[in-house]
Amino acid sequence: MNVRTMIDIENIRKDFPILKREVNGYPLAYLDNGASAQRPAAVIDAIGHYYRMEHANVHRGVHFLSQEATRRYEEAREQLRVFINAAHDHEVLFTKGTTDSINLVANCFGRKFLAPGDEILITAMEHHSNIVPWQMICEEKGALLKVVPVADNGELEADAYAQLLNSRTRMVAMTHVSNTLGTINPVKAMIALAHERNIPVLLDGAQAVPHMAVDVQDLDVDFYTFSGHKMFGPTGVGILYGKEHWLRQMPPYQGGGNMIKTVSFEKTTYNTLPHKFEAGTPHIAGGIGLGEAARYLMQLGFDNIRAYEHELLEYATEKLTKTEGMRLIGTAPNKAAVLSFLIDGTHPYDVGMILDKLGIAVRTGHHCNQPLMDRFGIPGTIRASFAFYNTKAEIDRLAAGVERAVTMLQ
Amino acid sequence: MADIKDIQNEIIDEFSLFSEWMEKYEYIIDLGKSLPMIDPKAKVDNNLIKGCQSQVWLQAERTENGKVHFTADSDAIITKGIIALLIRVLDRQTPETIAHAELFFIEAIGLREHLSPTRSNGLVSMVKQMKLYGIAFQAQTGWKKHL
């Protein structure tokens, strides 16, 4: 069956007001969804409605508005629990985003469980936000950072992973989907392998949740992190999922309002989950908007999204690889809709600039993946990252734009 | 050496001939390609200005008549083309002129976006660095006067 009959792209595009914009005299072709996706009107309206009609501080007041805001915020949490199929609402923590979620785990888990000589295992395809927090806590604790290498096609080296897991490994922290290579890692099997040694696993799901259904119970993952703005929700809000027994054992690292049960100058007792980790007034509108984004994605259906995006990726790969001197970075068989490439004799920045003049938004540079760029011996790539609202016509424009850039630059 | 205002006005005149962005960029790319190669010995970390997107190497030296001579390079050709324009304006000027230079031509020819800090192509830091060389050489001259 043709995927287009299952999801109606023209109607979906109407949900996203920004896609009507013109840039440099051309209709916008937004192919930078990996950096940040756009929001449907439903999300924008939910945020607007909250500020116009529903705002008060949450978890505090006895008055009507505070009760209503609290209910709306907690409904959003429940929506996100359903979105990732977590067992309990209190395992779903609101954070500022993936970076904040990873920093929380690195600090709270690291302080409690890391000793000198212990190891944290990451991979060579991590975003800086899943490298630096671990580096910082390792330095503080005298622990070591170990790295699973990446093969030439952009897949993780499975044998090396198995060998690197050992009795000193305290945590595996890895990405579910690579932001640069598009590789979808075989995380379920990797988690099972780590669990054989009782090692917990944290997944960076920032690039996974916009594209595929994630079931944290099925994955049996210990910590799962993602950002609102990459899944068509607001910026400045994200999620940390943690298994209850881990969250209970971890001390909070930020103190303040909301996270306490009782405070005296001698002793403070902490609030229950999830509030223990949510110090201060949260990004209430952001949480509500994120809940709405999750609802929107579930309505669209991830089977439809995956099928259509796969069609886009295959089309784009075929179209773009016709360009002479094209070098794809990331050719794993199991990929999300991300196309990273270089063209002989051109610099990514130059190609990106010319595409911008043609109204085509791509990302150029190292994508916060400097070690990965070093691994492939390149300064950066041009990255087109697709969402379900992109079209084959936009890919045609990308291919034509790249051809034009190459003609100008070589 | 011509006045830096005159050189900048000359560049603005040249760019006014282009009716669309494509011609403008083709010209900048040509400038980038024809920028004299920097001495490979100058391509050292000390002269490197690291941008997120592209990198710039900048070297400055005093000429015998007290002017400043700049050579520069970049790994990206559009960045290199804009470097060629900056060098055309500031090369072989006095340290005083460089230190106080107002580079109005960038905006006038519609290339301001390339010198915005968010572009992170190394050009903003390069202009800053050129001016710092001006200030440093100026201080050197001032110091020698008192010897």
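Think of each chain on its own: its residues are numbered from 1, step by step along the sequence as written. Here chains are named by letter from A upward and ligands by number from 1 upward, in the order in which they appear as written. Reporting in this predicted model follows two pLDDT cut-offs: at least 70 for local features of residues, and 80 or more for side-chain atom pairs to be given and counted; totals over whole chains, interfaces and linings ignore these cut-offs and use all residues. Remark: hydrogens and water are excluded; side-chain values derive from all non-hydrogen atoms of the structure.

### A look at the overall build of chain A
If you tally the helices and strands in chain A, you get 15 helices and 17 strands. In this description the radius of gyration comes from C-alpha coordinates, and the expected globular size is given by 2.2 Å times residues to the power 0.38. In terms of overall size, chain A behaves like a compact globule, its C-alpha atoms giving a radius of gyration of 22 Å where 410 residues would be expected to give roughly 22 Å. Along the three orthogonal principal directions, the C-alpha set of chain A runs to about 70 × 55 × 40 Å. Residues scored as charged are limited to Lys and Arg (positive) and Asp and Glu (negative), so that His and the chain ends carry no count. Where a charge sits is defined by one atom per residue type, namely NZ (Lys), CZ (Arg), CG (Asp) or CD (Glu). Side-chain charges of chain A comprise 40 positive and 46 negative groups, with the mean position of each set lying 4 Å from the other. Secondary structure follows DSSP: runs of H or I at least 4 residues long count as helices, runs of E at least 2 residues long count as strands, and numbering of each begins at the N terminus.

### Some details on a negative patch on the surface
Residue and element names in this part refer to chain B. Residues with no salt bridge and a relative accessible area higher than 30% make up the patches, which join like charges within 9 Å and nonpolar side chains (Val, Leu, Ile, Met, Phe, Trp, Tyr) within 5 Å. Only the protein chains shown count as cover for residues, and the accessible areas themselves come from Shrake-Rupley with a 1.4 Å probe. Here a salt bridge means any side-chain nitrogen of Lys or Arg lying within 4 Å of a carboxyl oxygen belonging to Asp or Glu. Residues E20, E23, E26 and D30 make up a contiguous surface patch of negative charge. Topologically, E23 is positioned in helix α2 (residues 21-34). Whether a residue is buried, partly exposed or exposed follows from its accessible area with a 1.4 Å probe, protein chains only, as a fraction of its type maximum: under 20%, in between, or over 50%, in that order. For E23, a relative accessible area of 30% gives the class partly exposed.

### A look at the interface of chain A and chain B
By definition in these notes, contact holds between two residues if any of their heavy atoms fall within 4.5 Å. The interface of chain A with chain B comprises 16 residues on the first partner and 18 residues on the second. Surface buried jointly by chain A and chain B totals about 1,600 Å² across both partners, of which 61% is contributed by carbon and sulfur atoms. Interface area lost by chain A to chain B is led by A:Y349, A:K357 and A:M408, which between them contribute 40%. In this structure, B:E113 engages A:K357 in a salt bridge whose closest nitrogen and oxygen atoms are separated by 2.6 Å. For this analysis, a polar contact is any N or O atom pair within 3.5 Å, provided that within protein one partner can donate a hydrogen and the other can accept it, and provided that sequence-adjacent residues contribute only side-chain to side-chain pairs. Where chain A meets chain B, there are eight residue pairs in polar contact (both at pLDDT 80 or more). Examining the composition of the side of chain A that touches chain B, we find that six residues originate from one element, helix α13 (residues 348-357) of chain A, more than from any other. Polar here means any residue outside two lists: the nonpolar Ala, Val, Leu, Ile, Met, Phe, Trp, Tyr, Cys and Pro, and the charged Asp, Glu, Lys and Arg; Gly therefore counts as polar. Classifying every residue of the side of chain A that touches chain B by side-chain character gives seven nonpolar, five polar and four charged. A quick way to say it: buried area is the sum, across both parts, of accessible area lost when two parts are put together, with a 1.4 Å probe.

### Some words on helix α3 (residues 77-90) of chain B
All names here are of chain B. Each helix should span, by expectation, one fewer than its residue count multiplied by 1.5 Å. Over its 14 residues, α3 extends 20 Å from the first C-alpha to the last, a length consistent with the 20 Å expected when each residue adds 1.5 Å. Burial within α3 is extensive, with 13 of its 14 residues counted as buried. A positive backbone phi angle near 60° is found at R92, which sits one or two residues after α3.

### Things to note about empty space enclosed by the protein
All names here are of chain A. Think of a 1 Å grid over the protein atoms and nothing else: a 1.4 Å probe that fits but is trapped marks a cavity, an open set flanked by protein within 12 Å on at least five of seven lines marks a pocket, and residues with an atom within 4 Å of a point count as lining. Grid points are joined across faces, edges and corners, and a volume is the space filled by probe spheres set on the points. Considering all chains together, one arrives at two cavities of 30 Å³ or more under this definition. Size it by volume and the largest cavity reaches roughly 40 Å³. Residue composition of the lining of the largest cavity, grouped by class: five nonpolar, four polar and one charged. Quantified by volume, the second largest cavity comes out at close to 30 Å³. If you trace the second largest cavity, you find it lined by L104, P252, Y253, Q254, K276 and F277.

### Some words on the pattern of salt bridges
Residue and element names in this part refer to chain A. Counted according to the given criterion, the structure contains 27 salt bridges over all chains. Put simply, K243 and D220 hold a salt bridge, and the shortest N to O gap is 2.8 Å. You can see K243 sitting in the loop between β10 (238-242) and α10 (244-249) and its partner D220 sitting in the loop between α9 (216-219) and β9 (223-227), a full 23 residues away along the chain. Judged by its relative accessible area of 15%, K243 falls in the buried class.

### Section: the sheet that holds strand β2 (residues 55-62) of chain B
All names here are of chain B. Only when DSSP finds a minimum of two bridges between them are two strands counted as paired. The strand order β1-β2-β3 describes an open sheet built from three strands, whose pairing is antiparallel. Edge positions in the sheet fall to β1 (48-50) and β3 (68-74), since each has one partner strand and no second. Within this sheet the neighbouring strands show an average axis-to-axis angle of 25°, counted without direction. Every angle, taken between N-to-C directions, lies between 0 and 180 degrees, and every axis is a line fitted to C-alpha atoms, over only the stretch in contact when it is a helix. Its contacts with the sheet put α3 on β2 and β3, and the angle it makes with β3 is roughly 175°.

### Things to note about the packing of helix α12 (residues 302-320) of chain A against helix α15 (residues 392-409) of chain A
Residues and elements named next belong to chain A. The N-to-C vectors of α12 and α15 enclose an angle of 25°; their axes lie 10 Å apart at closest approach. Considering the angle they form, α12 stands roughly parallel to α15. Crossing of α12 over α15 shows right-handed handedness. Residues Y308, E311, L312, Y315, A316, K319 and L320 of α12 lie in contact with α15, whose contacting residues are K392, I395, D396, L398, A399 and V402. Residues of the contact of α12 with α15, tallied by class, amount to nine nonpolar, no polar and four charged. Note on angle classes: values under 35 degrees are labelled roughly parallel, values over 145 roughly antiparallel, values of 65 to 115 roughly perpendicular, and the remainder oblique. Should the near helix be turned anticlockwise from the far one by less than a right angle, the crossing is left-handed, and should it be turned clockwise, the crossing is right-handed.

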